[in-house]
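Here are the chains, one letter per residue:
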Amino acid sequence: MAAFPHSPNSTFRRLRGQHSPAEFAALVRRAAKEIGETVSCDARYIGRVESGEIRCPNYAYERVFLHMFPGRALADLGFSPRESVRGRAAQRGPSPASASFSAPVPRSPSSAKESDVLRRAFMAGGSATVAAATLGLTLLGDNRRLPARAGESEAAAVEDAVRRIRLLDDRHGADALYRRASEPLRTAYALLDAGATRQSTEDRLHAGAGELAVSVGWLAHDSGRFDDARSHYAEALATARVARDPGLEAHAFSNMSFLARDTGRAREAVRAAQAGRRAASSLGSPRLLALLALREAGGWAGLEDRKACEESLARAHREFSRGPAEADPEWMSFFGEAELESLEARCWSALGEHARAARHARRAADLQDPHFARNVALYTAELAGDLARADAPDEAAWAGGRVLDLLGEVQSTRVRSMLAETATTLVPHQRSPRVGAFLTRHATA
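Keep in mind the model is a prediction, meaning the values are calculated, not measured.

K.L.:
Residue-level account of helix α13 (residues 266–280), with values.
P.N.:
Helix length check: α13, at 15 residues, gives a terminal C-alpha distance of 21 Å against a target of 21 Å (1.5 Å per residue), a fit within 8%. Where α13 is concerned, the buried positions are Ala266, Ala269, Val270, Ala272, Ala273, Ala275, Gly276, Ala279 and Ala280. Where the residues of α13 are buried, they touch α12 (246–262) and α14 (286–302).

This is the structure:
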């Protein structure tokens, strides 16, 4: 039976089974890839479906869901008939094939126009080039003024911006996205400064703007703009403190710890991770605590404190083994066993145990869903570097070649820098045919 408006879709919840929302969202994305669809499904979208906020999915999601559950109709998945929601859906502007279907919000005509522009700025599909160009649009479009007070549509547009950026980064890396994402971030904070029509909307804007700051900070981080990344992360942390949002605070501290480790400030990495753990302690997400323990382990490894590093790694594994939880943040959809292995590999590498690091990096690359092309390239680049330092030059050249295969699709300064270091390490072994071929190809690339 179809779910009534805003009543929980218990049928869909049962179909999710024991998977967490993030894990189920990954299955949806994988199913979409199998049939050539593109959907930016994440844990928040699954939550909106299960809460009844999304009464009927758009046509792209419909095809994916029916592919996942063959022999069933939308009503069998707990959705309402499309004709029962079509009238209100038409008020939103974007066609069903290009935008996620969400519950309608009463709006004035001027608000409706603003919402159309906001959603078009972030919900366009297509190639990487088109997607990157889409991010170049401002949230309000050309010659648009900020509303006197932000409403639900503006809050939804900021949230959509965060999802779109994360999706594009997962597929293509940060380099082509960073500059285009900075303008939506400025507009999000301008909307926040303008105030909101109600407190719940203002809370959403704070959370959305803060998450957008973290996402843009990550794009700067991954593309080697470390000072910009530090500024964006600090902005997100300040937003979290103003809004008294411990989840956003933990996210900001997690990324600040990662940045500190990457820039050689190991003690700061430890302290930021510990601060994130304090913020996350009451959130009920073991996976978040596991990630923060791994961030702390990375800091201890940078300080060459093996005992403290091993203690943090043990804590990370204990928390991770507790499994996913309803309280896991939406942004943590990337954090699975592959990322756990990758972060542990970096710890052993920093401690000089490159063969051990290579084993974990290999597992990370093998476990990673191919949908996340940037992470596949990153983990394989880590593997190549560890193998080169572990005196396995031919294997390192093979892994480096795999990374080169991905660089046409993935644009990441961090991955390219890691591969360049591997190439330098392999120069003494250039007489090996496999190493020589890799070095020639790398130089050409």
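Now, onward.
K.L.:
Let's hear about the packing of aromatic side chains: which residues, and what values?
P.N.:
Applying the stated criterion across every chain, the model contains ten aromatic pairs. Cation over ring: Arg295 sits above Phe258, and NZ or CZ is 4.3 Å from the ring centre. In this structure, Arg356 packs its charged tip against the face of Trp348, placed 3.7 Å from the ring centre.

K.L.:
Tell me about the environment of Asp391, residues and numbers included.
P.N.:
Relative to the helices and strands, Asp391 resides in the loop between α18 (373–389) and α19 (393–406). On the accessibility criterion, Asp391 (56% relative accessible area) is exposed. For the pair formed by Asp391 and Ala355, sequence separation is 36 residues and the distance between their alpha carbons is 8.7 Å.

K.L.:
Describe the nonpolar core, naming the residues involved and giving the relevant values.
P.N.:
Ranked by internal contacts, the top residues of the largest apolar core, which has 38 residues, are Leu205, Leu212, Val216 and Tyr233. Breaking this core down by element, the ones donating at least two residues are α8 (152–172), α9 (178–194), α10 (199–222), α11 (226–243), α12 and α13. Beyond its immediate chain neighbours, meaning those up to four positions away, Leu212 contacts Val158, Ala161, Val162, Ile165, Pro184, Leu185 and Ala188. The next biggest cluster of nonpolar side chains, apart from the first, holds 32 residues, and it includes Ala338, Ala377, Leu406 and Val435.

Calculation rules
- Residues numbered from 1 in each chain as written.
- Predicted model: local features only at pLDDT ≥ 70, side-chain atom pairs only at ≥ 80, totals over all residues.
- Heavy atoms only, no water.
- Helix = DSSP H or I, 4+ residues; strand = E, 2+ residues; numbered from the N terminus.
- Expected span 1.5 Å × (residues − 1).
- Buried < 20%, exposed > 50% of the residue type's maximum accessible area, 1.4 Å probe, protein only.
- Contact = heavy atoms within 4.5 Å.
- Phe/Tyr/Trp six-rings, centres within 6.5 Å; stacked < 30°, edge-to-face > 60°.
- Lys NZ or Arg CZ within 6 Å of the ring centre and 35° of its normal.
- Core = buried A, V, L, I, M, F, W, Y, C linked by side-chain atoms within 4.5 Å.

Nothing here speaks to function; it is geometry throughout.
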